Each structure stands twice: as C-alpha cells, then as structure tokens.
Amino acid sequence: MSVDISRGGLLVTLAIFGVIVYELRTVLDFIGIELPIIPYMAAVFVLAGASVWYVTLKGGWRTEPEGDRPA
C-alpha cells in the first residue's frame, strides 16, 4: 500500500500547521498565558519526523504522477 502524497505537499501542510500553532501561541501570549518557544519547536520537529516516518512505513513517496499516458 502506498501513501499518495508528495514531499512538497507534506512539507506545505506541516508549514501551514506550524504557522497556525505559532499564531495560537501568539494569541495566548497576548491574553496573558505565556508559553515557551522550545517545547513548540520540539513538537514541530517531532510531528515532522513522525509524518515522514509514517509515509515511509506505508510505502514511500509518490514519485510519478498517475495520469493518462500519451497514445
């Protein structure tokens, strides 16, 4: 079984998720709940590593797009 995902798609998804979490951290800091940056950074790296490990475990990256072949 192969996971139908490209490396670029995974990296963009992780970047968007990281920015959303960072902005939530910023909002919490604004209302008075201070969270340190180091656990946030560690969590982002753990999430990225776990995602890459999962894709590799399930069959690897999609390297060629599946589509119509020329006649």
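Note that the structure is a prediction, hence the values are computed from the model and not measured. (Residues numbered from 1 in each chain as written. Predicted model: local features only at pLDDT ≥ 70, side-chain atom pairs only at ≥ 80, totals over all residues. Heavy atoms only, no water.)

Details of the overall build of the protein chain
How we decide: Every helix listed is a DSSP run of H or I at least four residues long, and every strand listed is a run of E at least two residues long, numbered separately from the N terminus. For every residue, the accessible area (1.4 Å probe, protein chains only) is compared with the maximum for its type, and the residue is labelled buried under 20%, exposed over 50%, or partly exposed between those bounds. For this analysis, residues touch if any pair of their heavy atoms sits within 4.5 Å. Computed with a 1.4 Å probe, the accessible areas rest on the Shrake-Rupley method; for each residue, only the protein chains presented here act as cover.
Across its full length, the protein chain holds two helices and zero strands. A buried classification covers 13% of the 71 residues belonging to the protein chain. Long-range contacts, defined as pairs at least 24 residues apart, comprise 68% of the intrachain contacts of the protein chain with a sequence gap of at least 6. In the structure as shown, the protein chain presents an accessible area of about 6,000 Å², 68% of it carried by carbon and sulfur atoms.

Comments concerning the side chain of Arg 25
The criterion, for reference: Charged residues are defined narrowly, with Lys and Arg counted positive, Asp and Glu counted negative, and His plus the chain ends left uncounted. In what follows, salt bridge is the name for a side-chain nitrogen of Lys or Arg lying within 4 Å of a carboxyl oxygen of Asp or Glu.
Summarising the element assignment, Arg 25 is placed in helix H1 (residues 7-30). Put simply, Arg 25 is tucked away with no salt bridge, and the nearest opposite charge, on Asp 29, sits 5.9 Å away. With residues near it in sequence (within four places) discarded, Arg 25 still touches Leu 35, Pro 36, Ile 37 and Tyr 40.

Considerations on a nonpolar patch on the surface
The line we're drawing: Only residues whose relative accessible area exceeds 30% and that form no salt bridge enter a patch; like-charged residues are grouped when within 9 Å of one another, and nonpolar side chains (Val, Leu, Ile, Met, Phe, Trp, Tyr) when within 5 Å.
Together, Val 27, Phe 30, Ile 31, Ile 33 and Leu 35 make up an exposed nonpolar region whose accessible area comes to about 540 Å². By the element assignment, Leu 35 lies in the loop between H1 and helix H2 (37-57). For Leu 35, a relative accessible area of 40% gives the class partly exposed.

Describing the UniProt feature "transmembrane region" (unreviewed entry) in the protein chain
Here is the rule: UniProt positions are given in the numbering used here, feature names are shortened, and annotations may be inferred rather than shown by experiment.
What UniProt calls "transmembrane region" (unreviewed entry) maps, in this numbering, to residues 6-25 and 37-56. Secondary structure within residues 6-25 divides into 95% helix and 0% strand; the distance between the first and last C-alpha atoms comes to 29 Å. In residues 37-56, the share of helix is 100% and the share of strand is 0%. The end C-alpha atoms are 29 Å apart.

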